[in-house]
Amino acid sequence: MEIFGKRLADEKIYEGQNRTDDPKEVEKVLANILAAQERPPGTKVLDVGCAAGDFLRYLRNQFPKFAFTGVEVLKNLADLSIERSPGIPVRVGSILDSTFFKNESADVIFCNGVLQIFEDIETPINNLLQALRPGGTLFIHTPVNDTPVDWITRYRRAETFESTWELGWNIFSTLSFDRVLEASSLKLEWTWQAFQMPFPLGKKDDPMRSHTFKTEYNQFQEQVGGLLLINTKILIVHKPSEGTTKD
Ligand SMILES: C[S@@+](CC[C@H](N)C(=O)[O-])C[C@H]1O[C@@H](n2cnc3c(N)ncnc32)[C@H](O)[C@@H]1O
């Protein structure tokens, strides 16, 4: 099934910011989880959908003995990442292309804020798992729905007549993610970690950048587009070192 829509937002956002020394809150949480794993020097870390490399540079500052690479579908952003992060290679390619990931052998993979772009989560998750070494960990940070309902959305900026329908805010249920992992031929172990903003985010000029407001349940509930409530989680998937496939 293909539903028309374009992802337009990323180039402008990531060209216009450099958050190496001002990481997102979730990136600090992810770095803390990685530190607790006490991985050895030389650990290979891959960031898929790395945009202009902000998270890669932050991680390299935290873990100078690890080896970092990125994957990014937009060549302009990949080039910008390479320019801003000497020594961190970035390959231009798509998370949806299984052949692209065949020869990867990452110990740790991050994929933050990417899966909500797609109508199907099975292909990208399986490609990420393919890129992971036995003993490796995949971290996915994405909006999710704890109620077993999946959402596919399109939005358009209504000030301009005939503006393009954009995508990037699909929300899959945690159950659907669990099902994809359960269906894998690999022996996997996974956990979900809730993530909540620890402070308020103000409204921006672009209504599709999230801001927070207080609700009965959440002091800093994220919202986009004046309507859609965003709750995100971190999915942590381990590929055991021994007996990688199911019997
Ligand atoms: C919302 S941004 C998130 C960027 C960064 N990971 C972060 O958390 O700030 C989504 C990124 O995924 C990239 N992307 C979109 N489709 C992709 C695909 N098929 N394969 C790889 N990257 C993709 C976009 O170009 C963009 O850089």
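See above for the structure.
Residues numbered from 1 in each chain as written. Predicted model: local features only at pLDDT ≥ 70, side-chain atom pairs only at ≥ 80, totals over all residues.

Visitor: Please explain the overall build of the protein chain as it appears in this structure.
Guide: Regarding its fold elements, the protein chain presents 7 helices and 11 strands. Over its C-alpha atoms the protein chain spans a radius of gyration of 18 Å, differing by no more than 12% from the 18 Å that the globule rule assigns to 247 residues. In the protein chain, which comprises 247 residues, the proportion classed as buried is 29%. For the protein chain, the proportion of contacts with a sequence separation of at least 24, taken over those separated by at least 6, is 68%. (Helix = DSSP H or I, 4+ residues; strand = E, 2+ residues; numbered from the N terminus. Rg over C-alpha atoms; globule rule 2.2 N^0.38 Å. Buried ≥ 20, exposed ≤ 12 C-beta atoms within 10 Å, placed from the backbone. Contact = placed C-beta atoms within 7 Å.)

Visitor: Looking at this structure, how should I read the pairing of strand 5 (residues 132–145)?
Guide: Remember that side chains alternate between the two faces of the sheet whenever the strand is regular. Burial analysis of strand 5 places 10 of its 14 residues in the buried class, which makes it a mostly covered element. Two elements, strand 4 (residues 106–112) and strand 5, share 6 bridges in a ladder whose sense is parallel. Pairing of N112 across the sheet is with H141, part of strand 5. The β-α-β motif built from strand 4, the intervening helix 6 (residues 122–130) and the parallel element strand 5 has right-handed crossover chirality. Here strand 5 runs beside strand 11 (residues 232–238); their pairing, made up of 7 bridges, is antiparallel. Within strand 11, the position partnered with I140 by the bridge is L235. As paired strands, strand 5 and strand 6 (residues 172–173) are joined by 2 bridges and run parallel to one another. Counted as the bridge partner of V144 is F172 from strand 6. (Pairing = 2+ DSSP bridges. Right-handed = clockwise from strand over helix to strand, strands pointing away.)

Visitor: What is the right way to look at helix 2 (residues 25–36) in this model?
Guide: Helical periodicity: at 3.6 residues per turn, an α-helix aligns residues three or four positions apart in one direction. Over its 12 residues, helix 2 runs 17 Å from end to end, which matches the ideal 16 Å to within 8%, given 1.5 Å per residue. Taken residue by residue, helix 2 has V26, L30 and L34 as its buried positions. Considered in projection along helix 2, the buried side chains sweep an arc of 80° and stay on one side of the axis. Facing away from the buried side of helix 2 by over 90 degrees, the exposed positions are K28, N32, A35 and A36. Its buried side turned inward, helix 2 meets strand 4, strand 5, strand 7 (189–195) and strand 11. Phi turns positive, to about 50°, at E38, one or two residues after helix 2. (Expected span 1.5 Å × (residues − 1). Arc of directions from axis to C-beta.)

Visitor: I keep staring at helix 6 and nothing clicks. Help me out?
Guide: Within helix 6, burial applies to P124, I125, N127, L128 and L129. Looking at the buried side of helix 6, the elements it contacts are strand 1 (44–48), helix 5 (98–101), strand 4, strand 5 and helix 7 (174–183).

Visitor: I keep staring at the nonpolar core and nothing clicks. Help me out?
Guide: Side chains that are nonpolar tend, in soluble globular proteins, to be buried together. With 48 residues, the main nonpolar core has V48, I109, C111, L128 and L138 as its most contacted residues. Discounting residues that sit within four places of it in the chain, L138 has contacts with I109, L128, L129, L132 and V237. (Core = buried A, V, L, I, M, F, W, Y, C linked by C-beta atoms within 7 Å.)

Visitor: Looking at this model, I keep getting lost on the site of the ligand. Mind explaining?
Guide: For the ligand, the set of nearby residues contains 20 residues, the closest of which are G49, A51, V73, N112 and G113. Secondary-structure elements contributing two or more residues to the shell around the ligand are helix 1 (10–15) and strand 2 (67–72). (Near = placed C-beta within 6 Å.)

Visitor: I'm lost on the pairing of strand 4 in this one. Help?
Guide: Counting buried positions along strand 4 yields 7 of 7 residues, so the element is predominantly enclosed. Where strand 1 and strand 4 come together, 3 bridges link them in parallel fashion. Following the sheet pairing, V45 is matched in strand 4 by V108.

Visitor: Could you clarify how one ought to interpret the environment of A52 in this entry?
Guide: As for its position among the elements, A52 is in the loop between strand 1 and helix 3 (54–62). When the C-alpha positions of A52 and I82 are compared, they lie 7.9 Å apart, and in sequence the two are 30 residues distant. In this structure, A52 is in contact with Y14, E15, L77, L80, S81 and R84, ignoring residues within four places of it in sequence.

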